[in-house]
Amino acid sequence: MSKAPASGAVQDDLFGDLPADTLAPEPETGAAKSAAAPRARRAAAEPATQPPPRRSAGVQPADWDEPLRALGAALPRRVRLGTSSWTYPGWKGLVWEGEHSQAVLSKQGLAVYAQHPLLRTVSIDRSFYRPLTAEQYARYATQVPDDFRFVVKAPSLVTDALVRSEDGRGKQANSAFLSPELALQEFVQPVLEGLGAKAGALVFQLSPLPPPLLHRLPDVLDRLDAMLRAQPPLHDVAPDAVLAVEVRDPEWLTAAVLPRLAEVLRASGATYCLGLHARMPALQDQLPLLRMLWPGPLVCRWNLNPVHGMYGYEDAEKLYEPFDRIHHPDPALHAELAHAVAGITARGQNAYVTISNHAEGCAPLTIRTLAERIVAQG
């Protein structure tokens, strides 16, 4: 980080206030024109019997209103908002038209999702449960425009300190935890090969650590340092890509650990992923780490509303499904996050923000409110 006075001023004020065509018919002449006249009179007198033009089969975009389109045009290009996955039938009328199953949306929904005026990124979460191949990532890339960027979660094979049973309980230590080789082979390399320039934030979400490792965070940081340093440069393939580390234990952000975490991230050009989750401190308490890493992008995953507690995913699922309206609005968090996003992007850095339905009840509606807040900052 530069120590020049101008750079320091920017750091101190990092999140401060900011100033179908159709062919024309050939002209008719002579007898053809005379014969056409009675037909024209009958057509004018009789009700139309022709069916309306047929839409192509499959998932179709919703009829997005003009204010939404105007909001998308006003949103800074470096601001990339999106959701966690795209396979929710309840987004009917918000993202697509009509009733569609999750299976159909899984195959056809992404291409429509990427046409939405505000949705410029999406989090691929399924990669957390099982590594994906370069070919699978490439299929995603073909469905979105060139200026779309993906947020991708690293497989738990690398980011979970425990091997877990089907019910989520830790069974034994994971020997592959933070393995440099597996991180490259099962994650970074396939992502770059498959998504290419459409790769955005590559997120290593470190699951909650067992107590013995929480008491030895310096050792874990050394392993994290080695893993991150072993990854290849991203920008030659994906100019907007960044490695990001998300944690699920507040101990990572204590005064004793924070400087070393910042050092590890800075050494590899990685950043910290803001995790808005009941397990973690509030947004304002996580921002100091981003200030320590300035200049750099903002990566944020808004995962779960704290009203449900740190283990409340199932409760949120039951209450919010089919995810078509807001249940628990959080205007204070909208204001804080919009302020941070506007401040960083106005200074030439990218911002990736992905939002779960579990945040407020309906991710597309949460994104619209956040976008309005960001634009208002301008």
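Counting restarts for each chain, with residues numbered from 1 along the sequence as it is written. Reporting in this predicted model follows two pLDDT cut-offs: at least 70 for local features of residues, and 80 or more for side-chain atom pairs to be given and counted; totals over whole chains, interfaces and linings ignore these cut-offs and use all residues. Computation of side-chain values: all heavy atoms of the structure, hydrogens and water removed.

A. Structural detail: the packing of helix H10 (residues 217-229) against helix H11 (residues 258-268). Packing of H10 against H11 brings their axes to within 9 Å, and their N-to-C directions diverge by 10°. Looking at the two axes, H10 sits roughly parallel to H11. The segment H10 lies against H11, with Leu221, Asp222, Leu224, Asp225, Leu228 and Arg229 engaging Arg260, Leu261, Val264, Leu265, Ala267 and Ser268. Partitioned by chemical class, the residues of the contact of H10 with H11 number 7 nonpolar, 1 polar and 4 charged. Helix axes are fitted to C-alpha atoms over the stretch in contact, other axes to C-alpha atoms as well, and angles between N-to-C directions run from 0 to 180 degrees. Helix and strand definitions here come from DSSP, where helices need a minimum of 4 consecutive H or I residues and strands a minimum of 2 consecutive E residues; each element is numbered from the N-terminal end. The scheme is simple: roughly parallel for angles under 35 degrees, roughly antiparallel for over 145, roughly perpendicular for 65 to 115, oblique for anything else. Note on definitions: a residue-residue contact is assigned when non-hydrogen atoms from the two residues lie within 4.5 Å. Residue polarity is assigned by list, with Asp, Glu, Lys and Arg as charged and Ala, Val, Leu, Ile, Met, Phe, Trp, Tyr, Cys and Pro as nonpolar; anything else, Gly included, falls into the polar class.

B. Looking closely at the pairing of strand S3 (residues 149-153). Relative accessibility under 20% of the residue-type maximum defines a buried residue, over 50% an exposed one, and the middle range a partly exposed one, all with a 1.4 Å probe and only protein chains included. The buried count for S3 comes to 5 of 5 residues, which makes it a mostly enclosed element. The alternating pattern of S3 places Arg149, Val151 and Lys153 and Phe150 and Val152 on opposite faces, both of which are buried. Two strands are said to pair when DSSP picks up at least two bridges between them. Across 4 bridges, strand S2 (residues 119-124) lies against S3 in parallel orientation. Within the sheet, the bridge partner assigned to serine 123 lies in S3 and is valine 151.

C. Inspection of unusual backbone geometry at higher detail. Between tryptophan 294 and the following residue, proline 295, the backbone shows a cis peptide bond with an omega angle of 0°. For proline 295, the position within the fold is in the loop between helix H12 (283-292) and strand S9 (298-302). Despite not being glycine, leucine 178 shows a phi value in the positive range, around 60°.

D. Structural view of the packing of aromatic side chains. Only Phe, Tyr and Trp rings take part, Trp by its six-membered ring, and two of them pair if their centres are within 6.5 Å. Stacked means planes under 30 degrees apart, edge-to-face means over 60, and tilted covers everything else. For the coordinates displayed, the defined rule picks out 9 aromatic pairs. Taking the centre distance of 5.4 Å and the plane angle of 75° together, the rings of tyrosine 88 and phenylalanine 323 count as edge-to-face. With tyrosine 88 in the loop between strand S1 (79-84) and helix H4 (102-113) and phenylalanine 323 in the loop between helix H13 (313-320) and helix H14 (331-345), this pair connects stretches of sequence that are 235 residues apart. In this structure, tyrosine 88 and phenylalanine 323 share a single accessibility class: buried.

E. A look at H14. Helix span is expected to be 1.5 Å times the residue number reduced by one. Between the first and last C-alpha of H14 there are 21 Å, a value that for 15 residues agrees with the 21 Å anticipated at 1.5 Å per step. Taken residue by residue, H14 has Leu333, His334, Leu337, Ala338, Ala340, Val341, Ala342, Gly343, Ile344 and Thr345 as its buried positions.

F. Focus on the packing of H14 against helix H16 (residues 363-377). Look at H14 against H16: their axes get within 8 Å of each other, and the N-to-C directions meet at 50°. Overall, the two elements H14 and H16 adopt an arrangement that is oblique. For the element pair H14 and H16, the recorded crossing hand is right-handed. Together, Pro331, His334, Ala335, Leu337, Ala338, His339, Val341 and Ala342 of H14 and Thr366, Thr369, Leu370, Arg373, Ile374 and Gln377 of H16 make up the contact between the two elements. When grouped by side-chain class, the residues that make up the contact of H14 with H16 number 8 nonpolar, 5 polar and 1 charged. Handedness of a crossing is defined here by the sense of rotation of the near helix relative to the far one, left-handed for an anticlockwise turn of less than a right angle and right-handed for a clockwise turn.

G. Summary view of the pairing of strand S8 (residues 271-276). Buried residues dominate S8, accounting for 6 of its 6 residues. Where strand S7 (residues 242-247) lies against S8, 2 bridges are found, and the strand directions are parallel. Paired with valine 245 across the bridge in S8 is tyrosine 272. Place the viewer so that the strands point away; then a crossover is right-handed whenever the path from the first strand over the helix to the second strand goes clockwise. In this region the chain leaves S7, passes through H11 and returns to the parallel neighbour S8; the handedness of that crossover is right-handed. By the bridge criterion, 4 bridges tie S8 to S9 in an arrangement that is parallel. Residue pairing across strands places glycine 275 opposite arginine 301, the latter belonging to S9. Handedness of the crossover joining S8 and S9 through H12: right-handed.

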